[in-house]
Amino acid sequence: MTTARKPAGDLTGRQAEKLAQARDAEAKERAKSMATATIVAESEKSDVVVDLVENPKPEVEEQPVVVEEAPREIRVNANLTDVVIGQGNYFTFEVGVPYRVPAFVANHLEEKGLVWH
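This text gives an overview of the structure that appears in the document. Remember, predicted model here, so these are calculated numbers, not experimental data.

In terms of regular secondary structure, the chain is built from two helices and four strands. The contacts of the chain with a sequence gap of at least 6 include a subset with a gap of at least 24, amounting to 42%. If you sum the accessible surface of the chain, you get close to 10500 Å²; carbon and sulfur atoms cover 55% of it.

Following this line, the structure appears as structure tokens:
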């Protein structure tokens with residue numbers, strides 16, 4: 001970029017010209033360092049061996065399989081008022097009344113011996 005020489009009394013123009021030259025020199029230096037970094041990265045890539053023979057297993061996060069059980073019908077053998085089964089699940093049961101409940105509720109009450117058979 002060629003520009004006309006600024007007059008001696010134009011301090012702002014001369015300062016801008018010096019800053020532009022410094023910016024151009026810095027840009028050229030950065031371009032050289034980026035080219036060097038690219039060459040280094042490509043040479044490191046050529047040193048890595050990709051193994052396609054053994055068919056490596058992909059890293060997969062294993063998660064447990066949750067199978068929901070069907071709701072069940074139960075009768076309790078004792079009166080239960082405001083029983084908490086699980087977080088935030090409140091139940092009230094009366095003796096002799098048939099209830100259709102989720103499987104986890106039936107399993108919990110059966111473990112405690114509260115289901116009438």
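Additional details are given in the paragraphs that follow.
Grouped together as the largest cluster of nonpolar side chains are 13 residues, with contacts concentrated most on Ile-74, Phe-93, Val-101, Val-105 and Leu-109. Residue assignment for this core shows that the elements contributing at least two residues are strand 2 (80-84), strand 3 (90-93), strand 4 (99-101) and helix 2 (103-111). For this core, the element with the most residues is helix 2, which contributes three residues. Ignoring anything within four residues of it in the chain, the contact list for Leu-109 reads Ile-74, Val-76, Leu-80, Ile-85, Phe-93, Leu-114 and Val-115.

Evaluation of the coordinates by the stated rule reveals two aromatic pairs. On the basis of an interplanar angle of 90 degrees and a centroid distance of 5.0 Å, the ring pair of Phe-93 and Tyr-99 is categorised as edge-to-face. For the pair Phe-93 and Tyr-99, a shared accessibility class is recorded, and that class is buried. Taken together through their ring pairs, the aromatic side chains of Phe-91, Phe-93 and Tyr-99 make up a single cluster.

Every second residue of strand 3 is oriented toward a common face, the buried set being Phe-91 and Phe-93 and the non-buried set Tyr-90 and Thr-92. Here strand 2 runs beside strand 3; their pairing, made up of three bridges, is antiparallel. Its bridge partner being in strand 3, Val-83 is matched across the sheet by Phe-91. As consecutive antiparallel partners, strand 2 and strand 3 are separated by five residues, and within that stretch Gly-86 has a phi angle of approximately 85 degrees, a positive value.

Before going further, it helps to examine the pattern of salt bridges. By the definition in use, this model includes two salt bridges. A salt bridge links Arg-72 to Glu-110; the nearest nitrogen and oxygen atoms lie 3.1 Å apart. Here the residue Arg-72 occupies a position in strand 1 (residues 72-74), and Glu-110 occupies one in helix 2, the gap between them amounting to 38 residues. Judged by relative accessible area, Arg-72 falls into the partly exposed class, the value being 25%.

Here helix 2 has its buried residues at Ala-103, Val-105, Ala-106 and Leu-109. One side of helix 2 carries all its buried residues, which in axial view fall inside an arc of 160 degrees. If you follow the buried residues of helix 2, they end up packed against strand 1, strand 2, strand 3 and strand 4. Gly-113 lies just past helix 2 and shows a positive phi near 80 degrees.

Calculation rules
- Residues numbered from 1 in each chain as written.
- Predicted model: local features only at pLDDT ≥ 70, side-chain atom pairs only at ≥ 80, totals over all residues.
- Heavy atoms only, no water.
- Helix = DSSP H or I, 4+ residues; strand = E, 2+ residues; numbered from the N terminus.
- Contact = heavy atoms within 4.5 Å.
- Areas by Shrake-Rupley, 256 points an atom, 1.4 Å probe, with all protein chains shown as cover.
- Core = buried A, V, L, I, M, F, W, Y, C linked by side-chain atoms within 4.5 Å.
- Buried < 20%, exposed > 50% of the residue type's maximum accessible area, 1.4 Å probe, protein only.
- Phe/Tyr/Trp six-rings, centres within 6.5 Å; stacked < 30°, edge-to-face > 60°.
- Pairing = 2+ DSSP bridges.
- Salt bridge = Lys/Arg side-chain N within 4 Å of Asp/Glu carboxyl O.
- Arc of directions from axis to C-beta.

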